[in-house]
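One letter stands for each residue in the lines below.
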Amino acid sequence: IARLMRTHEAFDPDILQGIQQEKSEAPWRRGLRSLARKRLAVVAIVLITIIYGAGAYTILDIVGIPTGLQDPVATNLTVRRPIRTLDGDVESLGAFSDRQGVSLARISSLNPDVVGEFGTFTPELELPQGQQLVLKADEALEGPSTRHFFGTDRNGRDLFSRALFSARTTIIFSVLSFLLGSVFLGLGLGLLAGYKGGRIDTIVMRVGDVILGIPGLLLLIVISASLREIWTGWWEDGDAFFGWDFFIAQGIDHITLLLFATSFTGWVLTARFVRAQTLALRETDFIIAAESVGAGTPRILLRHLFPAVLPWIIVGMSASLGAAAGAEVGLTFLGLGIQPP
């Protein structure tokens, strides 16, 4: 570039401007500009951001911050309450309205048949003892509306709220599964096996071959089904020790059991890939130079080999997140994953 700039009279000005811009532009900016040209990738990033952002927003509910969403387990079915006696006398509609906290106009609009039989509702009107009045309209199996964006299910639960809260479960599980399985176990064991070689490499790879030899879904089912009662009992003991019900209420027992199962089976492919990259890198000049000045194995793994293989791990992150989410959904469909509510 310097030679071209010294002889710039012989070159087109537009070419020189492009060379100078390429020289001065930061690598991350060139990467973003290249990414912006790939429309499908941009659309995918936007969709992933929306879904994971919605799931992250509902995490506020865990710490007690209102989200403005309906309770995902609350039903919107018909609510009926009877007229009762107070001190031997049948209560009036005015007293009934005050006791239930629903306006008389609202009660009147929800009970047109009763209005037709007994006349206009007034605070002084007395209905027969035991007369059932509707206080909340049935909202089961409704279509999308301004009140329920995705409609409701047969139990009257808001599907929009349930979709967002299910995204919370997926984002927490998939991210933790990626960090524990792919990054901690897969990356760590792959670096160690590739750099040290010998017996350590043999043990790690043979254990991985045994795990890969068993069907993944079958292994997940066996682990989840056999350990569920024991695992839940441990978390119940933890709740009892601290005097709360946070772990069980938030489904921590189910999430951690699935994390253990998926991490146990999901580290092998990452470890094999990282091992192959490490085998190619351990004979390079910068690794030999680090060894020659007395750098220990932990320093070489963390300060030299880890940054070198990190780009491939980032590229594979999307596939790892999708596989973790798929495992969680599949086990939940079979009744062995995240349990109600």
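These figures come from a predicted structure and were not determined experimentally. (Residues numbered from 1 in each chain as written. Predicted model: local features only at pLDDT ≥ 70, side-chain atom pairs only at ≥ 80, totals over all residues. Heavy atoms only, no water.)

### Re the overall build of the protein
Within the protein, the secondary structure is distributed over 15 helices and four strands. Radius of gyration (C-alpha) of the protein: 31 Å, far over the 20 Å computed for a compact globule of 341 residues. Here the C-alpha coordinates of the protein stretch approximately 100 × 65 × 35 Å along the principal axes. Sequence separation of at least 24 residues holds for 66% of the intrachain contacts in the protein that already meet a minimum separation of 6. (Helix = DSSP H or I, 4+ residues; strand = E, 2+ residues; numbered from the N terminus. Rg over C-alpha atoms; globule rule 2.2 N^0.38 Å. Contact = heavy atoms within 4.5 Å.)

### Structural notes on the packing of aromatic side chains
Under the counting rule described, the total for this entry stands at 12 aromatic pairs. With 5.9 Å between their ring centres and 85 degrees between their planes, Trp244 and Phe247 make a pair best called edge-to-face. Take Phe247: its relative accessible area is 17%, and that puts it in the buried class. Taken together, the ring pairs in this structure connect Trp235, Phe241, Phe242, Trp244, Phe246 and Phe247 into an aromatic cluster. (Phe/Tyr/Trp six-rings, centres within 6.5 Å; stacked < 30°, edge-to-face > 60°. Buried < 20%, exposed > 50% of the residue type's maximum accessible area, 1.4 Å probe, protein only.)

### What to know about the side chain of Thr152
Tracing the sequence through the fold places Thr152 in the loop between β4 (132-136) and α8 (159-196). Of the polar contacts made by the side chain of Thr152, one reaches the backbone nitrogen of Glu142; its length is 2.9 Å. Non-local contacts of Thr152, meaning those with residues more than four positions away in its chain, are made with Glu139, Ala140, Leu141, Glu142, Arg157, Asp158 and Leu159. (Polar contact = N/O pair within 3.5 Å; in protein donor to acceptor, adjacent residues only side chain to side chain.)

### Observations concerning the environment of Val309
Looking at where Val309 falls in the secondary structure, it is placed in helix α15 (residues 297-333). Along the primary structure Val309 and Leu159 are separated by 150 residues, whereas in three dimensions their C-alpha atoms are 42 Å apart. In contact with Val309, other than residues within four places in its own chain, are Leu187, Leu191, Val274, Gln277, Thr278 and Leu281.

### Considering the pattern of salt bridges
Under the criterion given, the structure shown has seven salt bridges. Notably, a salt bridge pairs Arg168 with Asp61, separated by 3.9 Å at the nearest N-O pair. In this pair, Arg168 is assigned in helix α8 and Asp61 in the loop between α4 (39-57) and β1 (79-82), connecting sequence segments 107 residues apart. By relative accessible area, which is 11% here, Arg168 ends up buried. (Salt bridge = Lys/Arg side-chain N within 4 Å of Asp/Glu carboxyl O.)

### A short note on the side chain of Thr270
Locating Thr270 in the fold gives a position in helix α13 (residues 268-281). Ignoring sequence-local partners within four residues, the contact set of Thr270 consists of Ser182, Gly186, Leu187 and Ile313.

### Thoughts on unusual backbone geometry
For Leu141, which is not a glycine, the phi torsion comes out positive at approximately 55 degrees. Within the element layout of this structure, Leu141 appears in the loop between β4 and α8. Leu141 gets classed as exposed once you look at its relative accessible area, which sits at 59%.

### Quick look at the nonpolar core
If you look at the biggest cluster of nonpolar residues, it comprises 19 residues, and the most contacted ones within it are Phe173, Val204, Ile211, Leu220, Ile255, Leu258 and Trp267. Looking at this core, the elements with two or more residues in it are α8, α9 (198-212), α10 (216-242), α12 (252-266), α13 and α15. The element contributing the most residues to this core is α12, with four residues. Counting residues in each nonpolar core, the second largest holds 15 residues, with Phe178, Ile287, Val309 and Leu321 among its members. (Core = buried A, V, L, I, M, F, W, Y, C linked by side-chain atoms within 4.5 Å.)

### Examining the layout of surface pockets
In this structure, the largest pocket encloses a volume near 1,100 Å³. If you trace the largest pocket, you find 34 residues lining it, with Phe165, Arg168, Thr169, Ile338 and Pro341 closest to the centre. Looking at the lining of the largest pocket, the elements that each hand over two or more residues are α8, α11 (246-249), α12 and α15. By residue class, the composition of the lining of the largest pocket is 17 nonpolar, 10 polar and seven charged. (1 Å grid on protein atoms, 1.4 Å probe; cavity = no way out; pocket = protein on both sides within 12 Å on 5 of 7 lines; lining within 4 Å. Points joined across faces, edges and corners; volume = space filled by probe spheres on them. Nonpolar A, V, L, I, M, F, W, Y, C, P; charged D, E, K, R; others polar.)

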